[in-house]
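Now for the letters of each chain:
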Amino acid sequence: MQVPFFDWKSLYFEKEEEFSKIISTTLKKGAFILQSDVSDFENKLRDFLSVKHVVAVADGTNAILLGLRASGVGKEDEVILPSHSFIAAAQSIYHSGARPVPVEMSEYDWLVSTEAIEAAITKKTVGIMPVHVNGRCCQMDKILDIAERYKLKIFEDSAQAMGAKYDGLCAGTIGEWGTYSFYPSKTLGSFGDAGALVTNCDEIYEKVLAMRNHGADENKTIPLETNIWGTNCRLDNVQAAILSFKMEYYTEVIERRRQIAQAYHDTLNKYSDVRLPPAPSDSGKNFDIFQNYEFCTAKRDDLRKFLGDNGVGTIVQWGGFGVHMLENLGMKADLPITDKFFKESLLLPLNHVMTNPQIEYVCQLLDKFFSGDLNG
Ligand SMILES: Cc1ncc(COP(=O)(O)O)c(C=O)c1O
């Protein structure tokens, strides 16, 4: 049996008829840019997340950049983020003019360590960027407490956590603003690039709304008196229409992902030589959506080979490095927990189009490998 890490084509064939119809209907009505499909999607997302404002944008990376600029982050500022994160967040901080300061992860959930955040605060720090990696929220109560004590803003990179919750609140809706990516492999994926920024703050909303379209106002014209340096960061209509449709069954997608994560947990939890993320069934204040199932084992490379030889694709997230290892980009830091993590971490295949026999097959192989019964 083959279980590719990601079966890209299945994302389309999953509901081919519906998707083709949506694409042709959108094109036939000549709706390409900033037409009602975009606002329909924004409204659906707003209701789903229980947040005041949503701005759909071109992608998750630029959503972060627009948010930082709307919050006034710039030259001489520092923003703290976990090293266990995609480079996109650090890049957007850099492009805002500020300095990204990568810090250590917590050994409990591999998300940003709140002690490390506090230790990294300087006079230049203006914000904390929790990155809700793998679809699990960082410890937001502690981060909110730090932000309040040091008068810092919180910017949530929720690219991997659309619909994840902390204490009942959705990832992205807790800080000054939050962002999502709808890259095809994301839990809510478009058929190209797409993203969104969400906020409960009217001022941030007004600014980002204008910025995504060159500073244009609600009449789609740029006022002569504009004081906004905008850009082109628009989400196109076809992607918005697809995302709107996918929102209708998104809750089921999350439930399926949680089931698969639980199956992996139940299989791996029997063995002593693995370190696992918190199980879906045992998440305390968190509700996790499992963008990825990432776990650690000292036998990572052997396991990867064994699974590969048996038709199962795996990935080492972000090529196996945290952003603090990008020395030439000036982000070098001494983060031994993150260093060890990246030597041992592995992503198993996990998406809602996987079949039950595929999931069982992966679990059987994991059992064989960790029980030492490789020929059984
Ligand atoms: C944690 C994280 N942040 C930001 C991004 C960037 O999103 P996009 O690819 O839509 O620009 C990603 C996407 O992979 C991500 O995983």
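This is a predicted model, so every value here is computed, not measured.

**Digging into the overall build of the chain**
At step 1: Scanning the chain from terminus to terminus reveals 13 helices and 12 strands.
At step 2: Overall size of the chain, expressed as C-alpha extent along the three principal axes, is 75 × 55 × 40 Å.
At step 3: Within the span of the chain, comprising 376 residues, buried residues form 45% of the whole.
At step 4: Put simply, of all contacts in the chain between residues at least 6 apart along the chain, 67% involve residues at least 24 apart.

**Brief notes about the packing of helix H4 (residues 60-70) against helix H8 (residues 202-211)**
At step 1: Where H4 contacts H8, the two axes come as close as 9 Å, and the packing angle between them is 130°. If you check the angle between H4 and H8, you find them oblique. Note on packing geometry: the crossing formed by H4 with H8 is right-handed. Every residue of H8 that contacts H4 at Leu66, Gly67, Arg69 and Ala70 is listed here: Ile204, Lys207, Val208 and Met211.

**A word on the environment of Phe306**
At step 1: Looking at the element boundaries, Phe306 is found in helix H11 (residues 300-309).
At step 2: Look at Phe306 and you get partly exposed, because 17 C-beta atoms sit within 10 Å.
At step 3: C-alpha of Phe306 to C-alpha of Leu366: the two residues are 60 residues apart in sequence and 9.3 Å apart in space.

**Structural notes on the site of the ligand**
At step 1: Around the ligand sit 15 residues, and of these Gly60, Thr61, Ala88, Ala159 and Ser181 come closest.
At step 2: Only H4 and helix H5 (87-96) provide two or more residues apiece to the shell around the ligand.
At step 3: Here the residues of the shell around the ligand are counted per class, giving six nonpolar, six polar and three charged.

**A short note on the domain arrangement of the chain**
Quite often, the size of an interface is put as the accessible area lost when its parts meet.
At step 1: Assigned domains of the chain: these are domain 1 (10-247) and domain 2 (250-371).
At step 2: Distance from the C-alpha centre of domain 1 to the C-alpha centre of domain 2: 24 Å.
At step 3: Among the elements of the structure, H5, strand S3 (99-103), strand S6 (165-166) and helix H9 (237-247) are those that each provide at least two residues to the side of domain 1 that touches domain 2.
At step 4: For the side of domain 1 that touches domain 2, a count of residues per class yields 13 nonpolar, nine polar and nine charged.

**Considering the nonpolar core**
At step 1: Counting residues in hydrophobic clusters, the biggest one holds 98 residues, and the most contacted among them are Ala56, Val57, Leu66, Val79, Ala196 and Leu197.
At step 2: At six residues, H4 tops the list of elements feeding residues into this core.
At step 3: No fewer than three residues from each of domain 1 (10-247) and domain 2 (250-371) sit in this core.
At step 4: Not counting the four nearest positions on each side in its chain, Leu66 is found in contact with Val57, Leu197, Val208, Met211, Arg212 and Cys233.

**Structural notes on the pairing of strand S4 (residues 125-128)**
At step 1: Note that strand S2 (residues 78-82) and S4 share three bridges and pair parallel. Looking across to S4, one finds that Val79 is bridged to Gly127.
At step 2: Pairing between S4 and strand S5 (residues 153-157): two bridges, direction parallel. Directly across from Ile128, in S5, lies its bridge partner Ile154.
At step 3: In the classification by handedness, the crossover that spans S4, the intervening helix H7 (residues 140-150) and the parallel S5 is right-handed.

**Observations concerning the sheet that holds strand S9 (residues 195-199)**
At step 1: The strand order across the open sheet built from seven strands is S1-S9-S8-S5-S4-S2-S3, with neighbouring strands paired in mixed fashion. Both outer strands of the open sheet, strand S1 (53-57) and S3, are each paired with one neighbouring strand and no more. On average, each strand axis in the sheet is tilted by 25° relative to the strand beside it, whichever way the strands run.
At step 2: Across the face of the sheet, H7 comes into contact with S4 and S5 while running at roughly 145° to S5.

**A short note on the sheet that holds strand S10 (residues 286-287)**
Strand pairing in a sheet relies on backbone hydrogen bonds, with the paired strands running either antiparallel or parallel.
At step 1: Ordered in space as S7-S6-S10, the three strands form an open sheet in which the pairing is antiparallel. Both edges of this open sheet fall to strand S7 (169-170) and S10, since each of them pairs with a single strand only.
At step 2: Examined bridge by bridge, S6 and S10 share two bridges and lie antiparallel to one another. For Tyr166, the partnering residue across the bridge sits in S10 and is Asn286.

**With respect to the pairing of S2**
At step 1: Along S2, four of the five residues are buried, which leaves the element largely enclosed by surrounding structure.
At step 2: Note that S2 and S3 share five bridges and pair parallel. Along S3, the bridge assignment pairs Leu81 with Pro102.
At step 3: Once you follow S2 into H5 and on to S3, the crossover reads as right-handed.

**A closer look at the environment of Asp193**
At step 1: By the element assignment, Asp193 lies in the loop between strand S8 (177-181) and S9.
At step 2: Separated by 80 residues in sequence, Asp193 and Ser113 have C-alpha atoms that sit 30 Å apart.
At step 3: Once residues within four sequence positions are removed from consideration, Asp193 is found in contact with Ala58, Asp59 and Tyr183.

Criteria and thresholds
- Counting from 1, residues in each chain are numbered in the order their sequence is written.
- It should be noted that, the model being predicted, local features are given only for residues of pLDDT at least 70 and side-chain atom pairs only at 80 or more, the latter also being counted only at that level, while totals for whole chains, interfaces and linings use all residues.
- Each helix corresponds to a stretch of at least 4 residues labelled H or I by DSSP, and each strand to a stretch of at least 2 residues labelled E; elements are numbered beginning at the N terminus.
- Comment: burial labels come from other C-beta atoms within 10 Å of the residue's own C-beta, placed from the backbone, where a count of 20 or more is buried, 12 or fewer is exposed, and between is partly exposed.
- Any residue pair is listed as a contact if its two C-beta atoms, each placed from the backbone, are within 7 Å.
- Angles shown run from 0 to 180 degrees and are taken between the N-to-C directions of axes, each axis being a line fitted to C-alpha atoms and, for helices, limited to the stretch in contact.
- Throughout this description, any angle smaller than 35 degrees is read as roughly parallel, any larger than 145 degrees as roughly antiparallel, any in the 65 to 115 degree range as roughly perpendicular, and the remainder as oblique.
- Here is the rule for handedness: rotate from the far helix to the near one, and if that takes an anticlockwise turn smaller than a right angle the crossing is left-handed, while a clockwise turn gives right-handed.
- All residues are tested the same way: a C-beta atom is placed from the backbone, and lying within 6 Å of a molecule or strand makes the residue near it.
- Charged residues are taken to be Asp, Glu, Lys and Arg, nonpolar residues to be Ala, Val, Leu, Ile, Met, Phe, Trp, Tyr, Cys and Pro, and polar residues to be all remaining types, Gly included.
- Each domain's limits were defined by an automated method or a database of domain assignments.
- Only buried residues count toward a nonpolar core: Ala, Val, Leu, Ile, Met, Phe, Trp, Tyr and Cys, linked into one set through C-beta atoms within 7 Å.
- One requirement defines pairing of two strands: DSSP has to find at least two bridges between them.
- Clockwise travel from the first strand over the helix to the second, with the strands pointing away from the viewer, marks a crossover as right-handed.

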